[in-house]
There are 2 protein chains.
Amino acid sequence: MVYYLPRTALRALAPAMSLLGLLAPGAGAQAPTPAPLTPAKILADAPPGAWRKVAPENLLMMTLAGGGRVAIELAPEFAPAHVANIVRLARAGWFDGTSINRAQDNYVVQWGDATEAKPLPAAIVANPPAEYERPAAGLAFDALPYRDAYAPRIGFVAGQPAAAEGNIAWLAHCYGMVGVGRSNAPDTGTGAELYAVIGHGPRHLDRNIALVGRVIDNMGDLAARRRGTAALGFYADPAEREAIVSVRLAADLPAAERPAYEVLGTDRPAFAAWVKARANRKDDFFIRPAGAVDLCNALPPVRKAGG
Amino acid sequence: MVYYLPRTALRALAPAMSLLGLLAPGAGAQAPTPAPLTPAKILADAPPGAWRKVAPENLLMMTLAGGGRVAIELAPEFAPAHVANIVRLARAGWFDGTSINRAQDNYVVQWGDATEAKPLPAAIVANPPAEYERPAAGLAFDALPYRDAYAPRIGFVAGQPAAAEGNIAWLAHCYGMVGVGRSNAPDTGTGAELYAVIGHGPRHLDRNIALVGRVIDNMGDLAARRRGTAALGFYADPAEREAIVSVRLAADLPAAERPAYEVLGTDRPAFAAWVKARANRKDDFFIRPAGAVDLCNALPPVRKAGG
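Residues numbered from 1 in each chain as written. Chains lettered and ligands numbered in written order. Predicted model: local features only at pLDDT ≥ 70, side-chain atom pairs only at ≥ 80, totals over all residues. Heavy atoms only, no water.

- The name that an unreviewed UniProt entry assigns to chain A is peptidylprolyl isomerase, with the source organism given as Sphingomonas oleivorans.

### Topic: the overall build of chain A
At step 1: Per the secondary structure count, chain A includes four helices and 16 strands.
At step 2: Taking as baseline every contact in chain A between residues at least 6 positions apart, the subset at least 24 positions apart corresponds to 71%.
At step 3: Surface summary for chain A: the accessible area is close to 11400 Å², and the carbon and sulfur share equals 56%. (Helix = DSSP H or I, 4+ residues; strand = E, 2+ residues; numbered from the N terminus. Contact = heavy atoms within 4.5 Å. Areas by Shrake-Rupley, 256 points an atom, 1.4 Å probe, with all protein chains shown as cover.)

### Topic: the pairing of strand 8 (residues 153-157) of chain B
Two faces make up the sheet, and in a regular strand the side chains alternate between them.
Residues and elements named next belong to chain B.
At step 1: For strand 8, a buried count of four out of five residues is recorded, marking the element as mostly surrounded by other parts of the structure.
At step 2: Bridge count between strand 7 (residues 142-143) and strand 8: two bridges; the pairing is antiparallel. Along strand 8, the bridge assignment pairs D142 with F156.
At step 3: Of the strand pairs in this sheet, strand 8 and strand 9 (residues 160-165) are connected by five bridges, and their pairing is antiparallel. Each bridged residue has a counterpart across the sheet, and for R153 the counterpart in strand 9 is A164.
At step 4: Between the end of strand 8 and the start of strand 9, which pair antiparallel, lie two residues, with A158 showing a positive phi angle near 55 degrees. (Buried < 20%, exposed > 50% of the residue type's maximum accessible area, 1.4 Å probe, protein only. Pairing = 2+ DSSP bridges.)

### Observations regarding the pattern of salt bridges
All names here are of chain A.
At step 1: For the structure on display, the rule yields 28 salt bridges over all chains.
At step 2: The partner of R203 in a salt bridge is D148, with the nearest N and O atoms 2.8 Å apart. With a gap of 55 residues between them, R203 in the loop between strand 12 (194-197) and strand 13 (211-217) and D148 in the loop between strand 7 (142-143) and strand 8 (153-157) connect regions that are remote in the sequence. For the pair formed by R203 and D148, the shared burial category is buried. (Salt bridge = Lys/Arg side-chain N within 4 Å of Asp/Glu carboxyl O.)

### Quick notes on the environment of B:P119
At step 1: Here B:P119 is to be found in the loop between strand 5 (108-112) and strand 6 (134-135).
At step 2: On a C-alpha basis, the gap between B:P119 and B:W94 in space is 8.9 Å, while along the polypeptide they are 25 residues apart.

### Notes on the sheet that holds strand 10 (residues 168-171) of chain B
Residue and element names in this part refer to chain B.
At step 1: With antiparallel pairing, five strands are arranged side by side in an open sheet as 6-10-9-8-7. Either end of the sheet is taken by a strand with one partner, and the two such strands are strand 6 and strand 7.
At step 2: With four bridges joining them, strand 9 and strand 10 adopt antiparallel strand pairing. Considered in strand 10, the bridge of A164 is made with A169.

### Brief notes about the sheet that holds strand 2 (residues 59-64) of chain A
Residue and element names in this part refer to chain A.
At step 1: One closed barrel accounts for eight strands, arranged 2-3-13-11-12-5-4-14; its pairing is antiparallel. Each adjacent strand pair in this sheet contributes to an overall mean axis angle of 35 degrees, direction not counted.
At step 2: Sitting on the sheet, helix 2 (residues 80-91) is in contact with strand 2, strand 3 (69-74), strand 11 (177-180), strand 12, strand 13 and strand 14 (242-249), with an inclination near 110 degrees to strand 14. (Axes fitted to C-alpha atoms, helices over the stretch in contact; angles between N-to-C directions.)

### Describing the state of the cysteines
All names here are of chain A.
At step 1: Under the criterion given, the structure shown has two disulfides over all chains.
At step 2: Two residues, C174 and C296, share a disulfide whose sulfurs are 2.1 Å apart. The sign of the S-S torsion, about -75 degrees, decides the handedness of the disulfide formed by C174 and C296: left-handed. Taken together, the residues span a long stretch of sequence, with C174 in the loop between strand 10 (168-171) and strand 11 and C296 in the loop between helix 4 (269-279) and strand 16 (302-304) at a distance of 122 residues. Summarising the burial analysis for this pair, C174 and C296 share the class buried. (Disulfide = S-S within 2.5 Å.)

### Re the side chain of B:N58
Residues and elements named next belong to chain B.
At step 1: Mapped onto the elements of the fold, N58 is located in the loop between strand 1 (51-53) and strand 2 (59-64).
At step 2: Given a relative accessible area of 19%, N58 falls into the buried group.
At step 3: Apart from residues lying up to four places away in sequence, N58 is in contact with I72, E73, L74 and P76.

### Brief notes about the confidence of the model for chain A
At step 1: Looking at chain A, pLDDT values average 89 and 88% of them are 70 or higher.
At step 2: Taken together, the stretch residues 1-31 of chain A has pLDDT below 50 and engages in 81 contacts with residues farther than four places along the chain or on a different chain. (pLDDT = per-residue confidence, 0-100.)

### Observations regarding helix 4 (residues 269-279) of chain B
At step 1: Along helix 4 of chain B, the positions that sit buried rather than exposed are B:A270, B:F271, B:W274, B:V275, B:A277, B:R278 and B:A279.
At step 2: Check the buried side of helix 4 of chain B and you find it contacts helix 1 (39-45), strand 8 and strand 15 (261-264) of chain B.

### Observations concerning the environment of A:L60
All names here are of chain A.
At step 1: Its location among the elements puts L60 in strand 2.
At step 2: Overall, the relative accessible area of 3% leaves L60 in the buried class.
At step 3: Taking the C-alpha atoms as reference, L60 lies 8.2 Å from V70; in sequence the two are ten residues apart.
At step 4: In contact with L60, other than residues within four places in its own chain, are V70, A71, I72, L74, I86, A90, V247, R248 and L249.

This is how it looks when you write it as C-alpha cells:
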C-alpha cells in the first residue's frame, strides 16, 4: 500500500556522520561535483551589493541577564508611533531592570515590566493609534510568487515579511517578529510590553496588533526559554523571569560597541535566486523539491556586517 | 500616511491585567455577554464523542533526565516500516541512555545515540523503504478549505496534518511533527535518530523524509532547549546533551502508569466549528478576522483523557 519513491544510489557518498547532518540547510554544498546551486552557495557567492546594511537608528539591542544579546530590526514604515515610543523607552533606559515574563509554547515570548506599575517617561504617547495596517502606496513591496493562506499578496518590505490586499499592506506574524502587547482596545499598546513569535507564525494576529520589527540575531535566546506554567505561559514563580539588563538603540551606543548587521536585500537578484533555490532544493539530500516556499520560510538571511 | 482602523469603545471593559493576557487564545471567553463563540468555548462545549482516544499502541512516551515527559502519537498509516522499527527500539529499551543531541533554532530538536555506534537490535530493518508519501486511496482525509503554499489539498488524517496532490498523500512538517533522520540515500533512516520540528513548519521537507507522528504533550520540553552552538545546532559540549531516561510505548506500561490522551476528531462537527472560529476570531480582542487558517495553525487540540 505504501508508495515507494525510486531509490538513488548515493549511499556510498554519504559519510557516517552525515546521518547527524541530515537536515543541513546547504549541507549539499560540501557534496562532490557537480555542486548543486544550494541556498547556502547562493549566499556565499552573493556580491557585497546584495546585502543591505541595517541602519543603527533602526537596530534595537536587548541584553539579557543570562548573557543573551538579541538584535531587533525596527519597522518604522508600518508602526511609526509605536516604534517612536519604543525608541523613547530605550533612550530613557526604561526597559533596564524589567524582565521576560511569559513564554507560551508555539506562540510568544513576552517582556516588559511585570508589575505593570513602572511609570512611563513623560514623552511616551499613552494611546498610539492602531498601526496594524497601512496603505500599500509608497511601499517598495518585493512580492513572493507563491500562495498564502491568509492574503492574496505576500512579500517583503524593508526586509520584513508583509502581506497585502487591495491597497492595504501589513506586516506578517512570522517566527521572530516582534509586536506590541495591548489590551482589548486597539490603542492600549504603548510599546512597553513587547513579544516575539516563537512558533509557527500565528498569522491570525496580522492586522490585529502592531508589529514593530524582526529579531535578526540571537532569536534562540528568546525561543529557548523554559515555558511558563501559569495561564498563557506566564511564569508562575517570579524567580523564573529573566531580567533585562538593557535595551538600547545601536545608534546610541559608542561606535566601538555598536553591532552591525546586513540583511540580504529582497530587491536584489541574489535574494530572488535564494528564494528560488529554497523552493526547489536540488542538493543530494532532497528528492522532491517543494516548488514553493511559505512566506515565513523565506525570511531574508542576515549576517554580521563584513561577514 | 498611516491607515487608522476605527477605534472601539471597549477600553472600559479591559481590566489592567488583560494587558498581560493580550494574546490569550480564547481569553474573550471571560468577556461580558454576549459571549462570542471562541475556539476555547467550542472546545469546552464539545460533546465527549467529539474526542478520539489515542490508542496506547500508537502512543510513545519519552522521559527526559530533566523530568520532561514528551508524548508522541505515531502515524503508522504513513510510515509503517519506520514506525515498526521505532516500536521495536522502544520495546528493546534501546533509546534509554541516549540523548538529545541537537537544537537548531527555528528548525529541529534531534535525539538518538550521539556516538552513532550503539548496536541496533537484530529485529530492526536496517534500510526501511522511503515512506515519504503514499496513495491517498484508503485514507480518511478531512480536508481544510484554505490555501496552502505547498500543496493543492491539505487536511488531516488520523489527527495528523497532511497534504495531497492527485492520488498521493503525505504528512506535513508542522510544529511538533516527529521525523526520522536519514543520510542522503532515502533508505538510510532506521528510526534510531528522530527529530521534532520546533519552529515555523519547514514544509520543504515534506515528501523528503519519513514523518512518523506528532508530539501531543509537553512539546515545550523539547522546544525550550538551549540551542546548540556547533554546526546545525549540535551541542559543542557533550555535557549540553540531555539524557533520555526511557522511551516506551504506552501499551507496554503498567495500566496505572499509562497516560491517556484524547484528540479532537477531525471528522467531527466540533472540529469544523473550532477551525472556523480560529479562522474568524470574533472575541473582544480581535478586530479583523483572518478568514482563513494555515494548516499548521489548525492542529487538532489535545487533552488528557477524561479532561
